[in-house]
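Close look at the chain arrangement
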Amino acid sequence: MIYITGDTHGDIDYKKLLVLKDKNVSFDDYLIICGDAGICWSIDCLEYRLSLYRDIGCTIIFVDGNHENFEMINEFPLVEYKGAVMHQIDEHIFHVMRGEIMTLENKTFLCIGGAVSIDKMYRIPHISWWKEEEITFHDIDNALNNLEKVNNKVDYVITHCCDTITVTNSFYFRRDICTDQLNFVDKVVEYKHWYFGHYHFDRKISEKKTCLYNEIVCISENM
Ligand SMILES: [Mn+2]
């Protein structure tokens, strides 16, 4: 089974995941977190947070959000897993790189983490804010190269923030470099559904786009 949810912020919004334990998930099941997983935040809490996420008992794959310690994530080894380049954070916990396309249960997922922190002026570089949060042209290039191999068609798109049209029309938030990059991606890629986090609420925007926070969506065989 494949589950998808929004921001978990380390131990802060972790409790919603406990329902997966009740479902008796195994490591053959996948939980995709749409950014701000917050597992890698500070060295003091890394082991504790890893133990929490290990304890869920399924394979966890997250795209990065804006609240991640990128310096810490980048220390983990790069592996190829499910057809995509990922950092292996723990035996069953992975961070999927931006622009990668992974295949889980015969379904393809274009993954692009990253978002701009609107409160970055109150944050401290290398302690609570990392410049790597922004989606770069290199990330988009990687996405375009990988998309070319699949004729620009995937089953799902997983991101942290969303595209400019959605953010301005549906949320009335400000556009930024990341939403603009995703707006471009939206024009290129064909997909069944796009799931994203970042905005901290659950809302189905359209037939093809859903913002996730506390909700856990399950993708079953016939979807
Ligand atoms: Mn968040």
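Shown above is the structure to which this text applies.
Overview of the packing of helix 5 (residues 164-171) against helix 6 (residues 177-188)
Describing two packed helices takes the angle between their axes plus the distance from one axis to the other. It is at 6 Å that the axes of helix 5 and helix 6 come closest, and there the two elements cross at 115 degrees. Classified by the angle between their axes, helix 5 and helix 6 sit roughly perpendicular to one another. When helix 5 is examined against helix 6, the residues T164, I165 and V167 are found in contact with a partner set consisting of T179, D180 and N183. Looking at the contact of helix 5 with helix 6, its residues break down into two nonpolar, three polar and one charged.

What to know about the sheet that holds strand 13 (residues 216-219)
Reading across from one edge, 4-5-6-3-2-1-13 is the order of the seven strands in this open sheet, with mixed pairing throughout. Only two strands of the sheet have a single neighbouring strand rather than two, namely strand 4 (78-81) and strand 13. On average, each strand axis in the sheet is tilted by 30 degrees relative to the strand beside it, whichever way the strands run. Relative to strand 2 (residues 30-34), strand 1 (residues 2-5) runs parallel, the two being bridged by four bridges. Opposite I4, over in strand 2, you have I32 as the bridge partner.

As for the environment of I205
In this fold, I205 is placed in strand 11 (residues 203-206). When the C-alpha positions of I205 and E148 are compared, they lie 27 Å apart, and in sequence the two are 57 residues distant. Dropping the residues within four chain positions of it, I205 is found in contact with T166, S170, T210 and C211.

Remarks on the sheet that holds strand 7 (residues 100-104)
Note on sheets: strands pair through backbone hydrogen bonds, and any given pair is parallel or antiparallel. With respect to topology, six strands assemble into an open sheet ordered 7-8-9-10-12-11, the strand pairing being mixed. Every other strand in the sheet has two partners, leaving strand 7 and strand 11 as the edge strands with one partner each. Direction aside, neighbouring strands of the sheet carry axes that sit 25 degrees apart on average. Sheet topology places strand 8 (residues 107-112) next to strand 9 (residues 156-159); four bridges connect them, and they run parallel. Within the sheet, the bridge partner assigned to L110 lies in strand 9 and is V157.

Describing unusual backbone geometry
Despite not being glycine, H9 has its phi angle at roughly 50 degrees, a positive value. With respect to the element layout, H9 can be found in the loop between strand 1 and helix 1 (18-22). Note on H9: 17 C-beta atoms within 10 Å, which makes it partly exposed.

Details of the environment of E190
Within the secondary structure, E190 is located in the loop between helix 6 and strand 10 (193-196). The spatial distance from the C-alpha of E190 to the C-alpha of V154 is 6.3 Å, given a sequence separation of 36 residues. Beyond its immediate chain neighbours, meaning those up to four positions away, E190 contacts N152 and K153.

Cut-offs and rules
Throughout, residues of each chain are indexed from 1 in the direction in which the sequence is written. Thresholds applied to this predicted model are a pLDDT of at least 70 for local features of residues and 80 or more for the giving and counting of side-chain atom pairs; totals over whole chains, interfaces and linings are not thresholded and use all residues. Angles shown run from 0 to 180 degrees and are taken between the N-to-C directions of axes, each axis being a line fitted to C-alpha atoms and, for helices, limited to the stretch in contact. Helical segments are the DSSP runs of H or I of at least four residues, strand segments are the runs of E of at least two, and each set is numbered from the N terminus. When describing relative orientation, an angle under 35 degrees is termed roughly parallel and one over 145 degrees roughly antiparallel, while 65 to 115 degrees is termed roughly perpendicular and anything else oblique. By the criterion used throughout, residues are in contact when their C-beta atoms, derived from the backbone, lie within 7 Å. Throughout this entry, Asp, Glu, Lys and Arg are counted as charged residues, while Ala, Val, Leu, Ile, Met, Phe, Trp, Tyr, Cys and Pro are counted as nonpolar. The remaining residues, Gly among them, count as polar. Here, a strand pair is defined by DSSP locating no fewer than two bridges between the strands. For every residue, the other C-beta atoms within 10 Å of its own C-beta are counted; 20 or more classify it as buried, 12 or fewer as exposed, and values in between as partly exposed. C-beta atoms are placed from the backbone.

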